[in-house]
Amino acid sequence: ATPTALLTGSGRGAQLGILIRGPQVLEDTRTIDTIVLDKTGTITSGRLSVSGVEVLGRYGSDELLRLAGAVEAASEHPIGAAIAARTSALPAVTAFTSAPGGGVRGTVEGLDVVVGRTGWLHEHGILPGAAESGVFGVAESAGATAVWVAVDGAVAGVVSLTDTVKDGSARAVRQLKELGLRPILLTGDNAAAAARVAAEVGIPPADVRAGVLPEGKVAVIRALQQEGATVAMAGDGVNDAPALAQADLGIAMGSGTDVAIEAADITVMGSSLEQVAQAVRLSRRTLATIK
Ligand code: ADP
Ligand code: MG
């Protein structure tokens, strides 16, 4: 390997906002045949907004959003920012706890507020009834990300959130396929929301892995590797970091969390999926120049 060519490659990469950790990374881009794409923040903007509120208890929708927002303000998940943004003056939260891929809990004005997925409610001994679960299911089947809100141990409502696919994500998926890669969508979100995004960017239903808990993301990568695939993974979240490390090639979004960037081999500063395709193309081309 001539150092000049390497420098040229990484210099060009830096110009394009693509940071490559070391020379071995170029070699790795040659062999990958599968690319696992995190949904929220990688294929989609990651900037969610509240698209609906279903009231299921004694609190009206504004009050429900205020209580949930107070707890979510302490979360680093995009769901948290979306719910917190709905109320201008949020009360303080104490005894805050959260679980990645689960939800949040805290005390607001003396009330115990739990927000999150069904499993997170179960962990706190809250079991939604059949009618309530029906409401939750309807929200999800519309393609939204739905989260429960419970107050003092009782279900209070369901908040729906939607996210938009980034400009260029569909084009990027096409480019990744042209580079000979099989794109797979991986998310902790529900199946319907995942299917909606997959259809929009051209990922076949068979290559969608939804409802995957953070520790499950690593298992998905490992299973693909055991099937003989050489796997790249692109992600941005705290939850994605172990999967980025497990992948043969980890790619982080520059807008992502520090943990994800530290675990990755490549960081794309512009955070677009097209830059991910560009990173693979550039690395392979640089390698060809060196050889
Ligand atoms: P993704 O893979 O899309 O980034 P995550 O694994 O981070 O998803 O989250 C999966 C699910 O966990 C969310 O769709 C939501 O149901 C729940 N969840 C995670 N964080 C929160 C939060 N701060 N508030 C409410 N629900 C949450
Ligand atoms: Mg994400």
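Residues numbered from 1 in each chain as written. Chains lettered and ligands numbered in written order. Predicted model: local features only at pLDDT ≥ 70, side-chain atom pairs only at ≥ 80, totals over all residues.

Right, let's talk about helix H2 (residues 23–31) for a bit. Among the residues of H2, those classed as buried are Val25, Leu26, Asp28 and Thr29. All buried residues of H2 lie within an arc of 160 degrees about the axis, which places them on one face of the element. Away from the buried face of H2 by more than 90 degrees, exposed residues Gln24 and Thr31 are located. (Buried ≥ 20, exposed ≤ 12 C-beta atoms within 10 Å, placed from the backbone. Helix = DSSP H or I, 4+ residues; strand = E, 2+ residues; numbered from the N terminus. Arc of directions from axis to C-beta.)

On to unusual backbone geometry, then. For alanine 95, which is not glycine, the phi dihedral falls at a positive 50 degrees. With respect to the secondary-structure elements, alanine 95 resides in strand E4 (residues 94–99). Taking the C-beta count within 10 Å as the criterion, alanine 95 has 10 such neighbours and is therefore assigned exposed. One non-glycine residue with positive phi stands out, namely serine 271, at about 60 degrees. Relative to the elements of secondary structure, serine 271 occurs in the loop between strand E13 (266–268) and helix H13 (273–290).

Our next topic: the site of ligand 1. Taken together, 23 residues lie around ligand 1, and Thr40, His77, Gly101, Arg117 and Gly188 are the ones closest in. Put simply, the parts of the chain that give the shell around ligand 1 at least two residues each are helix H3 (39–43), helix H5 (78–84), strand E5 (103–108), strand E6 (111–116) and strand E7 (145–151). Taken together, the residues of the shell around ligand 1 sort by class into 5 nonpolar, 13 polar and 5 charged. Looking at which domains feed residues into the shell around ligand 1, each of domain 1 (3–45 + 164–290) and domain 2 (49–162) gives three or more. (Near = placed C-beta within 6 Å. Nonpolar A, V, L, I, M, F, W, Y, C, P; charged D, E, K, R; others polar. Domains from an automatic or database assignment.)

Taken together, the 7 strands give an open sheet; going across it, the order is E1-E13-E12-E11-E2-E9-E10, and neighbouring strands pair in mixed fashion. A single partner strand is all that each edge strand has here, and the edge strands are strand E1 (18–20) and strand E10 (208–209). Across 4 bridges, the pairing between strand E11 (residues 231–235) and strand E12 (residues 249–253) is parallel. Residue alanine 234 lies in a different strand from E12, and its bridge partner there is isoleucine 251. (Pairing = 2+ DSSP bridges.)

Our next topic: the nonpolar core. The biggest cluster of nonpolar side chains holds 86 residues, and the ones touching the most others in it are Ala68, Met233 and Ile251. With 7 residues, the top contributor of residues to this core is H13. Setting aside chain neighbours within four positions, we find alanine 68 in contact with Ile83, Val113, Val115, Val149 and Val159. (Core = buried A, V, L, I, M, F, W, Y, C linked by C-beta atoms within 7 Å. Contact = placed C-beta atoms within 7 Å.)

With 13 residues, helix H10 (residues 214–226) extends 19 Å from end C-alpha to end C-alpha; this agrees with the ideal 18 Å at 1.5 Å per step. All of the buried residues along H10 are Lys217, Val218, Ile221 and Leu224. In a view along the axis of H10, the buried residues occupy a sector of 125 degrees, so they form one face of it. More than 90 degrees from the buried face of H10, the exposed residues found are Glu215 and Gln226. For H10, the elements touching its buried residues are strand E2 (34–38), strand E9 (182–186), E11 and helix H11 (241–246). Just downstream of H10 lies glycine 228, where phi reads positive at about 105 degrees. (Expected span 1.5 Å × (residues − 1).)

Buried residues dominate E2, accounting for 5 of its 5 residues. Of the two faces of E2, the one holding Thr34, Val36 and Asp38 and the one holding Ile35 and Leu37 are both buried throughout. In this structure, E2 lies alongside E9, joined through 5 bridges in parallel fashion. Residue pairing in the sheet places isoleucine 35 in a bridge with proline 183 of E9. Where E2 lies against E11, 4 bridges are found, and the strand directions are parallel.

One key point about sheets: their strands pair by backbone hydrogen bonds, in either a parallel or an antiparallel sense. If you trace the 6 strands from one edge of the open sheet to the other, you get E3-E8-E7-E6-E5-E4, paired in antiparallel fashion. Edge positions in the open sheet fall to strand E3 (49–55) and E4, since each of these has one partner strand only. With direction set aside, neighbouring strand axes in the sheet form an average angle of 20 degrees. Both E7 and strand E8 (residues 154–162) contribute to a ladder of 7 bridges, which runs antiparallel. Counterpart to valine 149 in the pairing with E8 is glycine 157. Helix-sheet contacts for helix H7 (residues 130–141) involve E3, E7 and E8, and the interaxial angle to E8 is about 5 degrees. (Axes fitted to C-alpha atoms, helices over the stretch in contact; angles between N-to-C directions.)

Structurally, the chain comprises domain 1 (3–45 + 164–290) and domain 2 (49–162). Taking the mean C-alpha position of each, domain 1 and domain 2 sit 31 Å from one another. At the level of elements, H3 and helix H9 (191–201) are the ones that each hand at least two residues to the side of domain 1 that touches domain 2. Residues of the side of domain 1 that touches domain 2, tallied by class, amount to 5 nonpolar, 5 polar and 2 charged.

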